[in-house]
Amino acid sequence: PIQLCIMRNSSRSGKERVPTEVINRMATRIEPPDGSKPRNFFEKFNITINPYHFKCDSCDKQSKVVGKIQTILEQAINSPVPPKEELTPQQVAEMEKEKDLLREETLMCRLHQIDLLLRKLVGAVGRVDKKNCKKANDARKRIVKQMKQDNSSF
């Protein structure tokens, strides 16, 4: 929890101490692992360990944690990440050409241009008033979402 991070951080000094604003900002950005995403093989096998289980006298809690770790390791060993396919130079060139076309198409998209402009405005708000940066970004997201829903001609 963020409160625990801030409490532990307050006991640090000098370069070891992290500004509280940074901790708060990172807390909004960090997301738990999601193994359901097709390309996130590295997130498929994960475990969250409560460090307090190792500070108590209960061997039962510790052995459960060790058992979970063993299970995750066995699952990972039995489900290796498939190697990436090697592409021929021709395939790479075709993919680059396709990316360039998509990039051009995206840049031409007015909605994308509007989103880029709104992002610049959010950045300007963040430089002037960091407290309202999240509000500005949330407003940007709402505007873009509404424009997508309205399906305006972009």
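Residues numbered from 1 in each chain as written. Predicted model: local features only at pLDDT ≥ 70, side-chain atom pairs only at ≥ 80, totals over all residues. Heavy atoms only, no water.

## Focus: the packing of helix α1 (residues 2–10) against helix α2 (residues 20–29)
Selection rule: Throughout, an axis means a line fitted to C-alpha atoms (over the contacting stretch in the case of helices), and angles, computed between N-to-C directions, take values from 0 to 180 degrees. Helix and strand assignments come from DSSP, with helices taken as H or I runs of at least 4 residues and strands as E runs of at least 2, each series counted from the N terminus. For classification, angles of less than 35 degrees are called roughly parallel, those exceeding 145 degrees roughly antiparallel, those between 65 and 115 degrees roughly perpendicular, and all remaining angles oblique. By the definition used in this description, the sense in which the near helix is turned from the far one sets the handedness, with an anticlockwise turn below a right angle giving left-handed and a clockwise turn giving right-handed. Whether two residues are in contact is decided by their heavy atoms: any pair within 4.5 Å suffices. Residue polarity follows a fixed list, in which Ala, Val, Leu, Ile, Met, Phe, Trp, Tyr, Cys and Pro are nonpolar, Asp, Glu, Lys and Arg are charged, and the others, Gly among them, are polar.
Put simply, α1 and α2 touch, their axes get as near as 10 Å, and they point 155 degrees apart. It follows that α1 is roughly antiparallel to α2 by the angle criterion. Two packed elements cross with a definite hand, and for α1 against α2 that hand is right-handed. Facing I2, C5, I6 and N9 of α1, the residues of α2 in contact are T20, I23, N24 and A27. Tallied by class, the residues present in the contact of α1 with α2 amount to five nonpolar, three polar and no charged.

## Some remarks on the side chain of N9
Residue placement: N9 occurs in helix α1. Setting aside its immediate chain neighbours within four residues, N9 contacts E16, R17, V18 and I23.

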